[in-house]
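# Understanding the architecture of this molecule
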Amino acid sequence: MNSFLITPIEYLKGIGPQKAELLKKELGIFSFGDLLEFYPFRYVDRSKFQKIDELNSQIGHVQIKGEIIGFIESVMGRGKRLTAKFKDDTGIIDLVWFKGASWIKNSLKINVEVQIYGKPNFFKGGWSIPHPEISKVHVNPQGGFQPVYSSTERLTKAGLDSKGIVKVMAPLIEQLTGQIEELIPLELKNEHRLMSREEAIMSIHQPKSELEARNAGLRLKFEELFFLQLELLFRKKITLQKSLGYKFEIVGDQFNTFYDKHIPFSLTGAQKRVLKEIRKDFTTGHHMNRLLQGDVGSGKTLVALLSILLAIGNGFQTALIAPTEILSIQHFESIKEMLTEMNISIELLTGSTKKKDRKVLHERLLNGDVDLLIGTHALLEDIVQFKNLGFVVIDEQHRFGVAQRARMWKKNTIPPHVLIMTATPIPRTLAMTFYGDLDVSVIDEMPPGRKSIITMHKYEESRLRMFGFIKEEIDKGRQVYIVFPLIMESETLDFNNLIDGFEAITRSFPAPRHHVSMVHGKMKPADKEFEMNRFVKGETQIMVATTVIEVGVNVPNASVMVIESAERFGLSQLHQLRGRVGRGSEQSFCILMTGEKISKDSLKRMQTMVRTNDGFEISEVDLQLRGPGDLMGTQQSGLMDLKIADLAKDGALVAIARDAAKELIKSDPTVEKKENKGVRSVLSEMLRSKPNWGRIA
Ligand code: ADP
Ligand code: MG
């Protein structure tokens, strides 16, 4: 970096030691360069005026020309409130101050034309603007288009509100010509018609028009995403070069026999494609680290099983890890059944495996007598050692922490290949970024013959009709889930709701005709399993549960999923829950019950669920509603340090930047060409400053 940009911020005109201190503390701005990277978060067009009769709730900030025609002072609690009646040629609104009433009143004149700026609220039948800016009507010399910066209370007090920041930015921009190095190769810049870096930094702070601001933003976002993708691709390359993996040279008898004789149905195109991708990874001699995304019910397990058979056929042991005991048992039983005719030794290990059995199992694993071990976290314990573990499948990845996954690596001298399966699709742009150093496979096709689930959103008033509907379905021989929110298993209130709900349901669906199961997180695993099994076997028709059933369980005869207080669930959770039905050949239904008054976001979630069954589409909406930070969890928040790009909004740009990054690596693998000098300097800085950032799984 050149010396101008690293000049300490206190050397800037208008910034004394006190302001400098605040900028450091409040915004982390230490140098000229830091201030230049403090971008405006939006712009206002101060050359335009709105009319009072045009105000509407979508409008945001407005600027209106008019005059104050009178004041009303009122007492409010301990303070005074000042209201000014403000009129233009189309109507009258209130300007309101909750602080400094007398002082403000004295500074304002009646019947003098002024311009006001602020955000109108609609309240009790009229519009009002709290704490507006008021100034003489004037034409802005800089043109009307102005940046708006975020500020803090302390900065505002010191005169560095948005306007104050505009003021200190000006002398900095004035000195900028010739100080900003270009970082993106010329060819790339031309190809995407990007502004120069210098022009972009000047324009983002002082745009002459909306278009210029947008183009400057685009250039800087592209740059940010381009370097992020380059970094990810390089890390992936480095990891791959370092990581030795087992070579599975042959297809093997196990795979062939199963595929020819026992496979219960023919694979979908997507399953075949993914299987090919995995098979290819197995033969490279590098360690496989692959994420398999596919909607609930898309048939990930079968792909996993076939991959497991490939590994076994090459003489290796394998493991399948599920997040809950119920799920491990279900995997264990269904896989055992599919492989009955084959000579493969499969074992189960969970938290409830008896000590005595465990000991035997540990020995058999070490002797190489077990081909496939299925289980829960219990499998990760250090005491569980294999003779020759070659491949690990992790089901439902979002329940597993990064550290837990890393423990699998230590189970053999060369780390076993890893396949992580998730039914919570991540929007493509996010996957590219968060799993940039992981390979991603997608099953985007459902097995044939599935009817798509019909989803309805109902309010409390329809409860009786909902019960009636359930009855009809049960009379047809179907089974029903009713799920209650129990987000923290300790929340007593939720627990009471669940118990009340259970009682209401048993009253409406009495024995001997009906039987109701209940499963929740406070039960002992053995009791849970007992209840779950009654439902799986069809002994009970209704399963009242908390989200413990969220992942994985397979009861094809269940055709109705009722979700109580659905507004309290996130989109991906709702989608997961819905995936419990629609597994058989019958038409299935999902009923979302909510209170009458739900927030706008909640309503959007319900509408999205009603509209689509596509997990990827749902994940996109989820991303818009919650933002990437919430969606991915805080553990990866380091990646959130984007200064200008927004993973939720700039998806298309992420893809373009990634392609550009790939292209660069292809044409200049070691980034040595002269034209890539800028890239090289940024990249080496990035790789140096975050050394431990590499491996995700
Ligand atoms: P996922 O784990 O992706 O949610 P599963 O692997 O549990 O989905 O598969 C869902 C259901 O679809 C299972 O009952 C499975 O037997 C069935 N299935 C899987 N692949 C196929 C296929 N190619 N054709 C028909 N049914 C399939
Ligand atoms: Mg599954």
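It should be noted that the structure appears before, not after, this text.
Residue numbers run consecutively from 1 along every chain, following the written order of its sequence. Think of it this way: whatever chain is written first is A, whatever ligand is written first is 1, and the rest follow in order. Local features in this predicted model are restricted to residues whose pLDDT is 70 or higher, and side-chain atom pairs enter the listing and the counts only when it is 80 or higher, whereas totals over whole chains, interfaces and linings include all residues. Side-chain measures were taken over the full set of non-hydrogen atoms in the model, leaving aside hydrogen atoms and water.

### Let's talk about the overall build of the protein
To be explicit about the condition: Only DSSP runs of H or I covering at least 4 residues are called helices, and only runs of E covering at least 2 are called strands; the numbering of each starts at the N terminus. Whether a residue is buried, partly exposed or exposed follows from its accessible area with a 1.4 Å probe, protein chains only, as a fraction of its type maximum: under 20%, in between, or over 50%, in that order. Contacts were defined at the residue level, with two residues in contact if any of their heavy atoms lie within 4.5 Å. Only the protein chains shown count as cover for residues, with accessible areas throughout obtained via the Shrake-Rupley method and a probe of 1.4 Å. This count recognises Lys and Arg as positive and Asp and Glu as negative, with His and chain-terminal groups excluded. The atom standing in for a charge is NZ when the residue is Lys, CZ when it is Arg, CG when it is Asp and CD when it is Glu.
From N to C terminus, the protein includes 23 helices and 22 strands. Considered along the principal axes of its C-alpha atoms, the protein spans approximately 90 × 70 × 40 Å. Taken over 697 residues, the protein has a buried fraction of 51%. Taking as baseline every contact in the protein between residues at least 6 positions apart, the subset at least 24 positions apart corresponds to 73%. Roughly 33,900 Å² of accessible area belongs to the protein as shown, and the carbon and sulfur atoms make up 52% of that amount. Charged side chains of the protein number 95 positive and 86 negative; the gap between the two group centres comes to 2 Å.

### What to know about the packing of aromatic side chains
Any aromatic ring pair is given by two values, namely how distant the centres are and how the planes are angled relative to each other. Defined as follows: Only centres within 6.5 Å qualify two rings of Phe, Tyr or Trp (six-membered ring in Trp) as a pair; their planes then separate them into stacked at under 30 degrees, edge-to-face at over 60, and tilted for everything else. A ring has a charge above it when a Lys NZ or an Arg CZ is no more than 6 Å from the ring centre and no more than 35 degrees off the ring normal.
Counted by the stated rule, this structure contains 14 aromatic pairs. Their ring planes at 40° and their centres at 5.0 Å tell us that phenylalanine 248 and phenylalanine 316 sit as a pair that is tilted. Separated by 68 residues along the polypeptide, phenylalanine 248 in the loop between α8 (210-242) and α9 (253-262) and phenylalanine 316 in the loop between α11 (300-313) and β11 (317-321) bring together distant segments of the chain. In this pair, the class of phenylalanine 248 matches that of phenylalanine 316, namely buried. Ring geometry for phenylalanine 255 and tyrosine 259: centres 5.5 Å apart, planes at 10°, overall stacked. Of this pair, phenylalanine 255 and tyrosine 259 both sit in helix α9, four residues apart, which is roughly one turn of the helix. By relative accessible area, phenylalanine 255 is classed as buried at 11%. According to the relative accessible area criterion, tyrosine 259 is partly exposed, its value standing at 30%. Counting every residue linked through ring pairs, the aromatic cluster contains Tyr246, Phe248, Phe282, Phe316 and Phe391. Over the ring of phenylalanine 49 we find lysine 65; its NZ or CZ atom is 4.4 Å from the centre of that ring. Here the basic side chain of lysine 471 rests over the ring of phenylalanine 509, its NZ or CZ set 5.0 Å away from the ring centre.

### Observations concerning the site of ligand 1
Keep this limit in mind: We call a residue near a molecule or strand whenever a single non-hydrogen atom of that residue lies within 4 Å of it. Counting of polar contacts relies on pairs of N or O atoms within 3.5 Å, with two restrictions inside protein: one atom must be capable of donating a hydrogen and the other of accepting it, and residues adjacent in sequence are counted only when both atoms are side-chain atoms.
Close contacts around ligand 1 come from 17 residues, with Gln271, Gly297, Lys300, Thr301 and Arg450 the closest. Serine 298 has a polar backbone atom sitting 3.4 Å from an oxygen atom of ligand 1. Between ligand 1 and threonine 301, the relevant distance is 2.8 Å, taken from an oxygen atom to a side-chain nitrogen or oxygen of the residue. Notes on ligand 1: free accessible area 560 Å², of which the protein chains cover 82%. When residues in the shell around ligand 1 are grouped by element, the largest group, three residues, is from α11.

### Regarding the sheet that holds strand β2 (residues 62-76)
Under the convention used in this document: When DSSP locates at least two bridges between a pair of strands, those strands are taken to pair. Axis geometry follows a simple rule: fit a line to the C-alpha atoms, using only the stretch in contact for helices, then measure angles between N-to-C directions, giving values from 0 to 180 degrees.
Pairing is mixed in the open sheet, where seven strands are placed in the order β6-β7-β4-β3-β2-β5-β8. Since the sheet does not close on itself, it has two edges, and those belong to β6 (121-123) and β8 (133-136), each with one partner. Each neighbouring strand pair of the sheet contributes to a mean axis angle of 40°, computed without reference to strand direction. Across nine bridges, the pairing between β2 and strand β3 (residues 79-88) is antiparallel. In the strand pairing of β3, serine 74 is matched with arginine 81.

### Quick look at the environment of lysine 355
By the secondary structure assignment, lysine 355 is in helix α13 (residues 355-367). For the pair formed by lysine 355 and methionine 523, sequence separation is 168 residues and the distance between their alpha carbons is 22 Å.

### A closer look at the packing of helix α10 (residues 269-283) against α11
Two measures define how a pair of helices packs: the angle their axes make with one another and the distance between the axes. Test applied: In what follows, roughly perpendicular refers to angles from 65 to 115 degrees, roughly parallel to angles under 35, roughly antiparallel to angles over 145, and oblique to any angle outside these ranges. What makes a crossing left-handed is the near helix being turned counterclockwise from the far one by less than a right angle; a clockwise turn instead makes it right-handed. Charged means Asp, Glu, Lys or Arg here, nonpolar means Ala, Val, Leu, Ile, Met, Phe, Trp, Tyr, Cys or Pro, and polar covers whatever is left, Gly included.
Close contact between α10 and α11 brings their axes to 10 Å; oriented N to C, the two are set at 30°. Taken as axis vectors, α10 and α11 run roughly parallel relative to one another. As for the relative orientation of α10 and α11, their crossing is right-handed in sense. Residues Gln271, Val274, Leu275, Ile278, Arg279 and Phe282 of α10 touch α11, and the partners they reach there are Leu302, Val303, Leu306, Ser307 and Leu310. Of the residues contributing to the contact of α10 with α11, the split by class is eight nonpolar, two polar and one charged.

### Here we look at the packing of helix α19 (residues 571-578) against helix α20 (residues 600-611)
Direction vectors running N to C along α19 and α20 enclose 35°, while the axes themselves pass 10 Å from each other. Of the two possible hands of crossing, α19 and α20 adopt the one that is right-handed. Of the residues in α20, those in contact with Leu571, Leu574, His575 and Arg578 of α19 are Arg605, Met606, Thr608 and Met609. Its residues assigned to classes, the contact of α19 with α20 comprises four nonpolar, two polar and two charged.

### Some points on helix α1 (residues 17-27)
The line we're drawing: Note: the arc covers the axis-to-C-beta directions of the helix.
When α1 is considered as a whole, its buried residues turn out to be Ala20, Leu22 and Leu23. Projected onto a plane normal to the axis of α1, the buried residues spread over an arc of 160° and lie on a single side. Turned more than 90 degrees off the buried face of α1, the exposed positions are Pro17, Gln18 and Lys25. Those residues of α1 hidden inside the fold are in contact with α4 (153-157). With its phi angle positive at about 65°, glycine 28 sits one or two positions after the end of α1.

### Observations concerning helix α18 (residues 525-536)
Note the following rule: In a helix, the anticipated span is given by 1.5 Å times the number of residues less one.
Here α18 is twelve residues long and its end C-alpha atoms lie 16 Å apart, about the 16 Å a rise of 1.5 Å per residue gives. Where α18 is buried, its residues contact α12 (325-338), β18 (479-483), β19 (516-519), β20 (542-545) and β21 (558-563). Taken from the residues just after α18, glycine 538 is the one with a positive phi, measuring 85°.

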